[in-house]
Amino acid sequence: MNATSPTDDPPDLEMPLWAGLDPVARLEIRAELEHVTLQGGDVLFQEGDPADALYMLVSGALGVSVLGGHGEQRRVARIAPPETIGEMALVSNAPRSATVTALRDSVLLKLTRESFERLVRRWPSVSMYLSRLLADRLRATTRNSPIAFSPATFAIVPVTGGVAVSDFAQAVLQEMRRSHGSGVEMLDAMPREADENWLYRFEAACERVLYVSGEPSGAWTSRCIRHADHVIFLARPGEPLAPEAEALICGVSSWQRHDLVLLQAAEAARPAPAHSSVNRLPVDQRLHVREKNLPDLQRLIRTSSGRAVGLVLAGGGARGFAHLGAIQALREHGFPIDLAGGTSIGAVMAATCAIQIGLDEAKALMHEAFVRDPPLNDYTLPLVSLVRGRKVDARLIEHFGACDIEDLWLPFFCVSSNLTTGTAHVHRQGALWRALRASLAIPGLLPPVLEPEGVLVDGAMMNNLPADVMADFQRGPVLGIDVARDLAFTGPGEQERKAPWLRRILGVPAHAPDIVNLLYRSATISSEAQTLKARAHAALVIHPPLADVPLRAWEQFERVVAIGYAHTRERIESGALDRFKLA
């Protein structure tokens with residue numbers, strides 16, 4: 001941290017602290033201020049430090065964090081110009097209650113305790129401003145609102161050889177201007193005689209700034225990364241991490257967002273994987289972009305700037321076929337699907353989106369897998385489960401065995417339930433078929449999946465509509481499709497009509513669900529509290545009317561697909577999905 005003398009002229013900015021004061025009072029306050037510069041990553045003060053000054057942020061961004069119950073740093077707030085920071089401890093004369101870190105190169109104005117107390121005596125309006133500020137922050141703390149991530153500055157940095165950074169950056173710039181407006185500018189070098197104040201004025205004059213570096217290291221690269229809210233690491237599939245980029249493995253800030261973009265060949269039918277060395281980069285998301293492919297580029301920009309549509313599909317047995325109809329309606333009406341996730345059969349349907357299987361092919365695949373030859377009929381002695389699960393494994397390996405989650409065209413996740421820890425387990429990497437198998441493993445019906453993390457079973461037990469997981473990515477609005485909300489067992493199903501004489505002998509009521517149906521329903525009904533929590537994180541949840549569809553009505557494939565299509569189309573035409581339209 002560098003501080004200059006109080007006489008240095010601070011950058012011209014209308015600060016709330018002196019708003020409404022007459023010119024004489026403003027001059028007196030400005031004379032007391034010290035000009036402070038921080039580099040991205042510098043700590044302004046630590047939790048527990050003595051409170052000796054307050055600060056006004058002129059340019060850049062600050063992150064506020066507190067120590068959690070397990071020793072972790074918990075992010076509390078993100079500070080943007082021209083906010084004030086550190087005033088609470090100064091007023092109360094208590095130690096600092098949080099740690100403040102510069103998220104980017106930042107310029108601040110410092111007011112010491114002595115100067116503050118002197119100014120408050122002379123200018124009571126300063127105290128009024130601080131009282132309002134403290135009240136606003138107390139209300140925000142009481143609401144416990146999540147930190148919204150809305151990036152305005154982006155950095156593009158190559159991390160392997162063979163990357164045409166300039167061509168890629170120009171394509172991103174042109175498409176961002178088309179989708180976000182003309183206020184997007186690109187900077188690929190530091191102008192001569194420019195300093196941090198110049199960069200601040202440059203950013204302030206733009207809506208978004210794209211910083212571009214042609215090298216994985218160096219002074220300009222470091223500056224690009226420090227100034228970025230969102231960093232794009234650019235790589236070629238199969239190319240090793242450049243030696244100069246090794247420092248990035250440990251040098252990323254948890255307050256920034258980092259994506260790895262793999263530039264795929266224009267004709268690629270399936271994404272080629274990254275070199276193992278590139279996998280060491282700590283990134284939030286991996287994205288695959290084909291060269292000169294406009295839809296891929298548009299998806300990248302939506303995903304980077306918080307405008308992506310995340311589709312979340314719930315489990316629900318045969319009712320899950322409705323997802324296929326809903327996806328068909330969305331595609332026909334031009335709604336993008338940028339990220340996909342789900343639980344149980346919803347995870348399987350979301351995987352077809354992430355692989356970008358055509359709708360006709362997806363329908364044929366699901367019909368073959370569940371209707372023509374149902375896989376859940378290889379019964380065994382029920383030591384672990386009623387079904388061996390070998391047919392399910394074989395089907396998943398046949399259709400998804402060649403794919404890893406991180407090498408799908410769309411970012412994807414699915415959820416299983418960890419019986420060892422009693423928590424939901426989110427799958428975001430590794431073999432796709434095995435993650436789907438865990439998400440489908442209805443306890444008692446299918447054998448669990450045993451992983452180092454624990455014993456994994458159907459995700460619907462913990463989180464059947466994981467809209468909250470998708471929302472935590474902060475990539476844009478979440479659209480959920482819930483196929484398990486309707487009542488079940490409202491009438492006798494096909495299975496209950498079988499062997500009535502055996503039911504009479506055993507004293508089982510004629511309409512009582514059989515054990516398989518009971519296991520299905522037990523696994524697909526999350527707690528009401530969890531369902532409400534998940535739905536609260538979605539911008540919209542579509543609920544196709546499926547109350548009269550039994551959970552094992554695989555033979556109703558066409559009808560259930562049609563219900564999902566008709567209901568989604570109806571919601572689209574009513575305007576309910578307008579917020580998800582492409583810009």
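Residues numbered from 1 in each chain as written. Predicted model: local features only at pLDDT ≥ 70, side-chain atom pairs only at ≥ 80, totals over all residues. Heavy atoms only, no water.

Asks: What exactly am I supposed to notice about helix 11 (residues 345–355) here?
Replies: One full turn of an α-helix is made of 3.6 residues, so residues set three or four places apart face in the same direction. The element helix 11 is extensively covered by neighbouring structure, given that 11 of its 11 residues are classed as buried. For helix 11, the set of buried residues is Ile345, Gly346, Ala347, Val348, Met349, Ala350, Ala351, Thr352, Cys353, Ala354 and Ile355. Of the residues flanking the end of helix 11, it is glutamine 356, one or two places downstream, whose phi is positive at about 65°. (Buried < 20%, exposed > 50% of the residue type's maximum accessible area, 1.4 Å probe, protein only. Helix = DSSP H or I, 4+ residues; strand = E, 2+ residues; numbered from the N terminus.)

Asks: Would you mind showing me how to read the side chain of serine 305 here?
Replies: Secondary-structure assignment places serine 305 in helix 9 (residues 294–305). From its side chain, serine 305 meets the backbone oxygen of isoleucine 301 in a polar contact 2.6 Å long. Setting aside anything within four residues of it in sequence, one finds serine 305 in contact with Pro151, Phe154, His180 and Arg257. (Polar contact = N/O pair within 3.5 Å; in protein donor to acceptor, adjacent residues only side chain to side chain. Contact = heavy atoms within 4.5 Å.)

Asks: Help me understand the sheet that holds strand 3 (residues 43–45) in this model?
Replies: Backbone hydrogen bonds hold the strands of a sheet together, and the pairing may be parallel or antiparallel. Taken in spatial order, the four strands make up an open sheet running 3-8-5-6, and their pairing is antiparallel. With partners counted over all chains shown, the strands left at the sheet margins are strand 3 and strand 6 (73–79), one partner each. The sheet shows a mean angle of 30° between the axes of neighbouring strands, taken without regard to direction. By the bridge criterion, four bridges tie strand 5 (residues 62–67) to strand 8 (residues 99–102) in an arrangement that is antiparallel. Across the sheet, the residue bridging to leucine 62 is alanine 102, located in strand 8. (Pairing = 2+ DSSP bridges. Axes fitted to C-alpha atoms, helices over the stretch in contact; angles between N-to-C directions.)

Asks: Looking at this structure, I do not really get empty space enclosed by the protein. What am I missing?
Replies: Over the atoms rolls a probe the size of a water molecule, and its path tells where empty space is left. For the structure shown, the criterion picks out four cavities of 30 Å³ or more. For the second largest cavity, the full set of lining residues is Phe154, Val172, Met176, Leu210, Ile232, Leu300, Ile301, Ser304 and Ser305. Every element with two or more residues in the lining of the second largest cavity is listed here: helix 5 (165–180) and helix 9. In terms of residue count, helix 9 provides more of the lining of the second largest cavity than any other element does, four residues in total. (1 Å grid on protein atoms, 1.4 Å probe; cavity = no way out; pocket = protein on both sides within 12 Å on 5 of 7 lines; lining within 4 Å. Points joined across faces, edges and corners; volume = space filled by probe spheres on them.)

Asks: Explain the pairing of strand 19 (residues 423–427) here, please?
Replies: One face of the sheet, then the other: side chains in a regular strand alternate in exactly this way. Where strand 18 (residues 412–418) meets strand 19, five bridges bridge the pair, whose relative direction is antiparallel. Looking at strand 19, one finds that cysteine 414 is bridged to histidine 427. Hairpin connection of strand 18 to strand 19: four residues between the antiparallel strands, including glycine 422 at a positive phi of 70°.

Asks: It is not clear to me how the sheet that holds strand 13 (residues 230–235) should be interpreted in this structure. Could you clarify?
Replies: Read across the open sheet, the six strands follow the order 11-12-10-13-14-15; overall the sheet is parallel. Of all the strands in the sheet, just strand 11 (184–187) and strand 15 (285–290) have a single pairing partner and so form its edges. Neighbour-to-neighbour, the strand axes of the sheet open up by a mean angle of 25°, direction not taken into account. Bridge analysis of strand 10 (residues 153–158) against strand 13 gives five bridges, and the strand direction is parallel. Its bridge partner being in strand 13, proline 158 is matched across the sheet by leucine 234. Lying on the sheet, helix 9 is in contact with strand 10, strand 13, strand 14 (257–264) and strand 15; it crosses strand 15 at an angle near 155°.

Asks: What should I look at first to understand the environment of isoleucine 405 in this one?
Replies: Turning to its location among the elements, isoleucine 405 is positioned in the loop between helix 13 (390–400) and strand 18. Residue isoleucine 405 is classed as buried on the basis of its relative accessible area, which comes to 3%. Note: C-alpha distance between isoleucine 405 and alanine 354 (51 residues apart in sequence) is 8.9 Å. Not counting the four nearest positions on each side in its chain, isoleucine 405 is found in contact with Phe412, His427, Arg428, Gln429, Gly430, Leu432 and Ala435.

Asks: How should I be thinking about the pattern of salt bridges in this particular structure?
Replies: Side chains bearing opposite charge may pair, as long as their charged atoms lie close to each other. For the coordinates displayed, the defined rule picks out 18 salt bridges. The partner of glutamate 203 in a salt bridge is arginine 104, and the shortest N-O contact between them spans 2.3 Å. With a gap of 99 residues between them, glutamate 203 in helix 6 (residues 196–204) and arginine 104 in the loop between strand 8 and strand 9 (106–112) connect regions that are remote in the sequence. For glutamate 203, a relative accessible area of 14% translates into the label buried. A salt bridge links lysine 581 to aspartate 578; the nearest nitrogen and oxygen atoms lie 3.5 Å apart. Judged by relative accessible area, aspartate 578 falls into the partly exposed class, the value being 40%. Beyond isolated ion pairs, a larger network of salt bridges with shared partners links Arg290, Asp296 and Arg299. (Salt bridge = Lys/Arg side-chain N within 4 Å of Asp/Glu carboxyl O.)

Asks: Whenever I open this one, the nonpolar core confuses me. Can you help?
Replies: Soluble globular proteins tend to bury their nonpolar side chains together. Ranked by size, the top nonpolar core spans 67 residues in total, and within it Leu311, Phe321, Phe400, Phe412, Leu432, Leu436 and Leu577 carry the most contacts. For this core, the element with the most residues is helix 11, which contributes nine residues. Among all residues touching phenylalanine 400, those that are not within four sequence positions of it are Val348, Ala351, Thr352, Ile355, Leu432, Trp433 and Leu436. Ranked by size, the runner-up nonpolar core spans 26 residues in total, among them Val157, Ile225, Leu260 and Val278. (Core = buried A, V, L, I, M, F, W, Y, C linked by side-chain atoms within 4.5 Å.)

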